[in-house]
There are 2 protein chains.
Amino acid sequence: METVHSIPLVRAGIDTYRQPVVYMRSDCHLCRAEGFSALTQVEIALGGRSIIAALNVLTGADWLAHDTAALSEAAWRALAASEGALGIFSHPEPPASASAIRAKVYGQRLDLAACEAIISDTVAHRLSDLDIAAFITAGAGDRLDTEETIALTRAMQRAGKTLDWGGGMVLDKHCVGGLPGNRTTPIVVAIVAAAGFRIPKTSSRAITSPAGTADTMEVLAPVALDIPAMRRVVDAEGGCVVWGGSLDLSPADDLLIRVERPLDFDSDGQLAASVLSKKASAGSTHVIIDMPVGPTAKVRSAEAAKALSDRLLAVGNAIGLSLRIHCSDGTAPVGRGIGPSLEARDLLKVLQCEPDAPQDLRSRSLDLAGALLDLARSNDCHGRALAEQLLHNGAAATKFQAICEAQGGFREPGLAPHRSLECAQSAGRLAAIDNRRIAKIAKLAGAPGRQRAGLLLLVQPGDSIEVGTPLYEIHAETPGELVWAQDYARSGPSPFQIGDPA
Amino acid sequence: METVHSIPLVRAGIDTYRQPVVYMRSDCHLCRAEGFSALTQVEIALGGRSIIAALNVLTGADWLAHDTAALSEAAWRALAASEGALGIFSHPEPPASASAIRAKVYGQRLDLAACEAIISDTVAHRLSDLDIAAFITAGAGDRLDTEETIALTRAMQRAGKTLDWGGGMVLDKHCVGGLPGNRTTPIVVAIVAAAGFRIPKTSSRAITSPAGTADTMEVLAPVALDIPAMRRVVDAEGGCVVWGGSLDLSPADDLLIRVERPLDFDSDGQLAASVLSKKASAGSTHVIIDMPVGPTAKVRSAEAAKALSDRLLAVGNAIGLSLRIHCSDGTAPVGRGIGPSLEARDLLKVLQCEPDAPQDLRSRSLDLAGALLDLARSNDCHGRALAEQLLHNGAAATKFQAICEAQGGFREPGLAPHRSLECAQSAGRLAAIDNRRIAKIAKLAGAPGRQRAGLLLLVQPGDSIEVGTPLYEIHAETPGELVWAQDYARSGPSPFQIGDPA
């Protein structure tokens, strides 16, 4: 056994996102004795846990006491550390999965054992971000085949908890993403639960978008439920819309996404493994997947949609999920509001059958709920009619209210105090809306961190536009953020593509 | 144009190795207004420079003032920042080369334009470590072909300065590495310069080994010369052995190596581009490459040596270098000392023709000097005899002394005050020595940071060993480091493989 060294741990209060970092002084005896320097990966053990952290060396900073080590937030959490606890430091051996990644990089195929080694080392923080980047790169494009994707999906599912609903059908819904305002989930859950099916939906918060489903739902009711609380809601009401982040259902996915997102390589295999491992972990049996297709959506062409659908269906079939893909229009945002509170207002209008409810959001929600009901009812093709009936007769609205109360209490969405109208500079027919620029304006206005921030679309593709026609309204909670969003919106190309009058 | 925001920069005094990091408080108005969070890459401009830095958010640390941004050492240097200077912050556009990396990841080949984009963005700190890891991964194994390697070599050379020696032959020498104590360079330089040739040698410091050539040479003379000082030495003496790190000859190489080293993927293409771009930048025309082959050396088999040699020769030919590969025995360390000062003592003994000079170091140095002289003298095959003569008649020793004086003055290598003998636990014939474990013991003893630390080998493969035979002596500058090295040496498998008596 190699000699070990213990030194007290303190919390650095530095958020490095999910990367474990340890800060030590350059004159720390451990740095010198172990030959640790600022490119070293260090293994730190505490209690039964151990992590690999990147060492950053303090050369001119005086905020750390001699012979102590400060941990970034990610390292602090992963070790469940407490102030002054003695961490045991050593040079890490290369993790077992490094050779599995190496083999894939060199062109070999991944089997289940390789995937399990990689995923368990990822979850245990034994792989560095560079290792994970190599793994992501080696599987980019079409470099994961279907068998490898199935192995990766199984490994990711096994790395976290799996919810057990005690048998019977468990319905679920997922959207491949990239479309601002596409907040169908709470409506679909309400309709499907009103139809008597079980639909325990876990959703994510926004990472790069102006709102995730969990952010929007949180405007209306608490979403940070633990598993027992989630079970109580589902047992009582058949459905829920809660934040998945605190349930530890897919710990590997969160860690891989941290690296995937900045690299931004498309990989049907990695996307399928990410989505379907989460569905399997949630205990789902019947899943509808909304796949918006459009030039500024995540899936950009019919060919890309076909390849991704084939992969999802093959993997879903292999792991025992009943899966249906629903391709939808991805050329423009959905509904009128973009941002948590504005989206919540839209979906309430749909549920309450108000005359000014956004018809595109209503229609998409009915399509998805109908397709999911068909899937659960052996494709009897009456799903959409049933969904429409449950929306029309108020059963879905009543169910949604009950779900909100069960999750901790319904609350009304508010309106932001600072607003500005943005008007057209040219005339013509509105041809398309750039999802990415619209999302950026909403984020600069404060979404999703500020619930009431975002923007309200006042036109939709196909509308005739005059010079001066109000196109959208920016909503912000502070005057400064309003200016930020306006400045960006008024510079560069307009997100509204106005063509010749039809 | 998008709105920009300026805030004052301060130096964080945190060494993140070469990664640019910016630290901002979570309540900084810029974080909130721009939607910066702890997974954001931030562009910072100052004067004519700009970098992409990873944002780390201070959530519980109070060492940074409101609305200021602290820079890691790498970011501070790259921006040439001064305390309080106003940095201009913005969201970076994806660098142009990201699409070149993406294309390579998806299986397309790199051309010269793609390589130049990637390398210039690397040098400008516009690619994140994750991007660079993706690039390294996409070229691992045999995924860079010879044409791509040539393009990468040219791009790497063009990214830095190229030394111009005004025509004529410029000799050079490189070792592929992995063999502790293989410190032939100063001897080869002395012999070749004594023969009247020009050999302006730039060497590196150790990164993961117990000593680099620059570390060992620094025991004997100053090595951190700038280009004018290096020229004066070469003009006066024909040769030099200086540290290449301060000459900016291969800025891309240093940045790629930061990521390559922890990933540790073998890539003949990347190795060839790294070595040969540096030789081209140094203005070399005739280069001998020492390639030790052995199971614990960098090149592990004859097949691997053949593939790497073929690649080096093809690329060298394409960029106009006269190149010769010299494969050598890589089964054990060379000489007796491991660590800067101990290796310096070995090479002085060889140069001074002392009777107890390590014969393996002498013989390898003569082989390499002879092969290089042959290459420069149109393969007349008298090179080794000439080298031997110049060593024997004292011309090489005199030349070495003159080079040291010209570099700033010769100094005698000292001996460490703390030493311990390690003896054999079993008897038999010494079959092999594990280069990697030997290197680790020397590093734990303090090498290369402490010049006199390391170890002295007292036996070599082929020797008969009795129980209790002294195998090596650990040298340390402090008692604590001596214990560290002893503890490691006495645990785990012995680095000395003792077989049956012959």
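Calculation rules
- Along every chain, residues carry numbers that run from 1 in the direction the sequence is written.
- For naming, the first written chain is A and the first written ligand is 1, with later ones following in the order written.
- Residue-level local features of this predicted model are given only where pLDDT is at least 70; pairs of side-chain atoms are given and counted only at 80 or more, and the full residue set underlies all totals for whole chains, interfaces and linings.
- Note that water and hydrogens are dropped before the side-chain values are worked out from all heavy atoms of the structure.
- Numbering of helices and strands starts at the N terminus; helices are DSSP runs of H or I of at least 4 residues and strands are runs of E of at least 2.
- Atoms counted for the radius of gyration: C-alpha only. Globule rule: 2.2 Å times residue count to the power 0.38.
- Note on definitions: a residue-residue contact is assigned when non-hydrogen atoms from the two residues lie within 4.5 Å.
- What makes two strands pair is DSSP finding at least two bridges between them.
- Fitted lines through C-alpha atoms give the axes, limited to the stretch in contact for helices. The angle between two N-to-C directions lies from 0 to 180 degrees.
- Buried Ala, Val, Leu, Ile, Met, Phe, Trp, Tyr and Cys residues form a nonpolar core when they are joined through side-chain atoms within 4.5 Å.
- Each residue is assigned to one of three classes by its accessible area relative to the maximum for its type, calculated with a 1.4 Å probe on protein chains only: buried under 20%, partly exposed between the two thresholds, exposed over 50%.
- Summed over both partners, buried area is the accessible surface (1.4 Å probe) that two parts give up on being assembled.
- Think of a salt bridge as a Lys or Arg side-chain nitrogen and an Asp or Glu carboxyl oxygen that are within 4 Å of each other.
- A 3.5 Å cut-off defines polar contacts: any pair of N or O atoms within that distance qualifies, except that in protein one atom must be a possible hydrogen donor and the other a possible acceptor, and neighbouring residues in sequence count only when both atoms are side-chain atoms.
- Superposition of the copies used a least-squares fit over C-alpha atoms from residues whose pLDDT is at least 70 in both.
- An expected span of 1.5 Å times one less than the residue number is assigned to each helix.
- Marked domain ranges trace back to an automatic or database domain assignment.
- UniProt positions are given in the numbering used here, feature names are shortened, and annotations may be inferred rather than shown by experiment.
- Two rings from Phe, Tyr or Trp (for Trp, the six-membered ring) form a pair when their centres are within 6.5 Å of each other. A pair whose planes differ by under 30 degrees is stacked, one over 60 is edge-to-face, and the rest are tilted.
- Every angle not falling under 35 degrees, over 145, or within 65 to 115 is termed oblique; those three ranges are roughly parallel, roughly antiparallel and roughly perpendicular.
- It is the rotation of the near helix from the far one that decides the hand of a crossing: anticlockwise by less than a right angle makes it left-handed, clockwise makes it right-handed.
- In this count, Pro and Cys sit with the nonpolar residues alongside Ala, Val, Leu, Ile, Met, Phe, Trp and Tyr, while Asp, Glu, Lys and Arg are called charged and the others, Gly among them, polar.
- Scored from 0 to 100, pLDDT reflects the predictor's confidence in each residue.

### Things to note about the overall build of chain A
Moving on, step 1. Helix and strand counts for chain A stand at 18 helices and 19 strands.
Moving on, step 2. The globule rule puts the C-alpha radius of gyration for 502 residues at 23 Å, and the 25 Å found for chain A is close to it.
Moving on, step 3. Along the longest, intermediate and shortest principal axes, the C-alpha atoms of chain A span 75 × 50 × 45 Å.
Moving on, step 4. Counted over contacts in chain A with a minimum sequence separation of 6, partners at least 24 positions apart contribute 80%.

### Topic: the sheet that holds strand S12 (residues 322–329) of chain A
All names here are of chain A.
Moving on, step 1. One open sheet holds the three strands; their spatial order is S8-S11-S12, and the pairing between them is parallel. One side of each edge strand has no neighbouring strand; the edge strands of this open sheet are strand S8 (171–175) and S12. For this sheet the average axis-to-axis angle between neighbouring strands, irrespective of direction, equals 20 degrees.
Moving on, step 2. Here S8 pairs with strand S11 (residues 286–293) via five bridges, running parallel. Bridge pairing links Leu171 to His286 in S11.
Moving on, step 3. Lying over the sheet, helix H14 (residues 359–376) contacts S8, S11 and S12, oriented at roughly 145 degrees with respect to S11.

### Some words on the nonpolar core
Moving on, step 1. Judged by nonpolar contacts, the single largest core of 59 residues is most densely connected at Ile191, Val192, Leu351 and Phe400 of chain A.
Moving on, step 2. Within the residue set of this core, elements represented by two or more residues are helix H7 (185–194), helix H8 (213–220), helix H9 (227–237), strand S10 (239–243), helix H13 (340–351), H14, helix H15 (383–392) and helix H16 (395–407) of chain A.
Moving on, step 3. Residue contributions to this core peak at nine residues, all from H14 of chain A.
Moving on, step 4. Ignoring any residue separated from it by four or fewer positions in sequence, one finds Val192 of chain A in contact with Leu171, Phe197, Ile199, Ala369, Leu372 and Leu373 of chain A.
Moving on, step 5. Grouped together as the second largest cluster of nonpolar side chains are 56 residues, Ile136 and Ala151 of chain A together with Ile132 and Met156 of chain B included.

### Points about the interface of chain A and chain B
Moving on, step 1. Between chain A and chain B, the contact holds 57 residues from the first and 57 residues from the second.
Moving on, step 2. Roughly 4800 Å² of surface becomes buried between chain A and chain B when both sides are summed, with 59% attributable to carbon and sulfur atoms.
Moving on, step 3. On inspection of chain A and its partner chain B, the count reaches zero salt bridges.
Moving on, step 4. Here chain A is connected to chain B by 12 residue pairs in polar contact (both at pLDDT 80 or more).
Moving on, step 5. Secondary-structure elements contributing two or more residues to the side of chain A that touches chain B are strand S2 (14–15), helix H1 (29–34), strand S5 (49–58), helix H3 (97–105), helix H5 (129–138), helix H10 (251–263), helix H17 (435–444) and helix H18 (479–490) of chain A.

### Re the relation of the copies chain A and chain B
Moving on, step 1. The two copies are related by a screw operation: chain A maps onto chain B through 180 degrees of rotation and 0.1 Å of translation along the axis, at an RMSD of 0.1 Å. Accordingly, the operation relating the two chain copies is best matched by a two-fold axis.
Moving on, step 2. Comparing interface residues between copies, 100% of those in chain A also lie at the interface in chain B; the contact surface is shared.

### Points about helix H6 (residues 146–158) of chain A
Residue and element names in this part refer to chain A.
Moving on, step 1. The terminal C-alpha atoms of H6, which comprises 13 residues, lie 18 Å apart, in line with the 18 Å expected from a rise of 1.5 Å per residue.
Moving on, step 2. Among the residues making up H6, those that are buried are Glu148, Thr149, Ile150, Ala151, Leu152, Thr153, Ala155 and Met156.
Moving on, step 3. For H6, the elements touching its buried residues are H3, helix H4 (112–123), H5, H10, helix H11 (268–281) and helix H12 (302–318).
Moving on, step 4. Taking the backbone nitrogen of Glu147 as reference, a side-chain oxygen 3.1 Å away marks Asp145 as the first, capping residue of H6.

### Digging into the domain arrangement of chain A
Moving on, step 1. The domain boundaries assigned to chain A delineate domain 1 (5–90), domain 2 (171–245 + 274–407) and domain 3 (418–499).
Moving on, step 2. Taking only C-alpha atoms, the centre of domain 1 of chain A and the centre of domain 2 of chain A are 42 Å apart.

### Comments concerning the UniProt feature "domain: Pyrimidine nucleoside phosphorylase C-terminal" (unreviewed entry) in chain A
Moving on, step 1. Under the present numbering, the feature "domain: Pyrimidine nucleoside phosphorylase C-terminal" (unreviewed entry) in UniProt falls on residues 429–494 of chain A.
Moving on, step 2. Between the C-alpha atoms that bound residues 429–494 of chain A the distance is 14 Å, and the span itself is 33% helix and 27% strand.

### Some details on the packing of aromatic side chains
Moving on, step 1. Considering all chains together, one arrives at seven aromatic pairs over all chains under this definition.
Moving on, step 2. Look at Tyr472 of chain B and Phe496 of chain B: their rings are 5.4 Å apart centre to centre, the planes differ by 15 degrees, and that puts the pair in the stacked class. Of the two residues, Tyr472 of chain B is situated in strand S18 (residues 470–476) and Phe496 of chain B in strand S19 (residues 496–499); the sequence distance between them amounts to 24 residues.
Moving on, step 3. Of the residues examined, Tyr472 of chain B reaches a relative accessible area of 4% and is grouped as buried.
Moving on, step 4. Members of the aromatic cluster, connected to one another through ring pairs, are Tyr23 and Trp63 of chain A together with Tyr23 and Trp63 of chain B.

### A look at H8 of chain A
All names here are of chain A.
Moving on, step 1. The element H8 is extensively covered by neighbouring structure, given that seven of its eight residues are classed as buried.
Moving on, step 2. Taken together, the buried positions of H8 are occupied by Thr213, Ala214, Asp215, Thr216, Met217, Val219 and Leu220.
Moving on, step 3. Residues of H8 that are buried sit in contact with H7, strand S9 (199–203), S10, H13 and H16.

### Quick word on the environment of Lys298 of chain A
All names here are of chain A.
Moving on, step 1. Relative to the assigned elements, Lys298 resides in the loop between S11 and H12.
Moving on, step 2. When the C-alpha positions of Lys298 and Leu179 are compared, they lie 8.0 Å apart, and in sequence the two are 119 residues distant.
Moving on, step 3. Dropping the residues within four chain positions of it, Lys298 is found in contact with Val176, Gly177, Gly178, Asp266, Leu271 and Arg436.

### Let's talk about the pairing of strand S18 (residues 470–476) of chain A
Residues and elements named next belong to chain A.
Moving on, step 1. The buried count for S18 comes to six of seven residues, which makes it a mostly enclosed element.
Moving on, step 2. By the bridge criterion, six bridges tie strand S14 (residues 418–423) to S18 in an arrangement that is antiparallel. Across the sheet, Arg419 pairs through a bridge with His475, a residue of S18.

### A closer look at the pattern of salt bridges
Moving on, step 1. Throughout the structure, instances matching the rule amount to 40 salt bridges over all chains.
Moving on, step 2. For Glu148 of chain A, the salt bridge goes to Lys104 of chain A, with nearest N and O atoms at 2.9 Å. Of the two residues, Glu148 of chain A is situated in helix H6 and Lys104 of chain A in helix H3; the sequence distance between them amounts to 44 residues.
Moving on, step 3. Residue Asp172 of chain B pairs with Lys279 of chain B through a salt bridge whose shortest N-O separation is 3.4 Å. With Asp172 of chain B in strand S8 (residues 171–175) and Lys279 of chain B in helix H11 (residues 268–281), this residue pair connects regions lying 107 residues apart in the sequence.
Moving on, step 4. A relative accessible area of 1% places Asp172 of chain B in the buried class.

### Structural notes on the packing of H4 of chain A against H6 of chain A
Residue and element names in this part refer to chain A.
Moving on, step 1. Packing of H4 against H6 leaves a shortest axis separation of 8 Å and a crossing angle of 40 degrees. The pairing of H4 with H6 is recorded here as oblique in orientation. Crossing hand, H4 versus H6: right-handed. Mapping the contact onto sequence places Leu112, Cys115, Glu116 and Ile119 in H4 and Glu148, Ala151, Leu152, Arg154, Ala155, Met156 and Arg158 in H6.
Moving on, step 2. Classifying every residue of the contact of H4 with H6 gives seven nonpolar, no polar and four charged.

### Examining the confidence of the model for chain A
Moving on, step 1. Looking at chain A as a whole, its pLDDT mean stands at 91, while 98% of the residues score no less than 70.
Moving on, step 2. Two summary scores accompany this predicted model of the complex, namely pTM at 0.85 and ipTM at 0.83.

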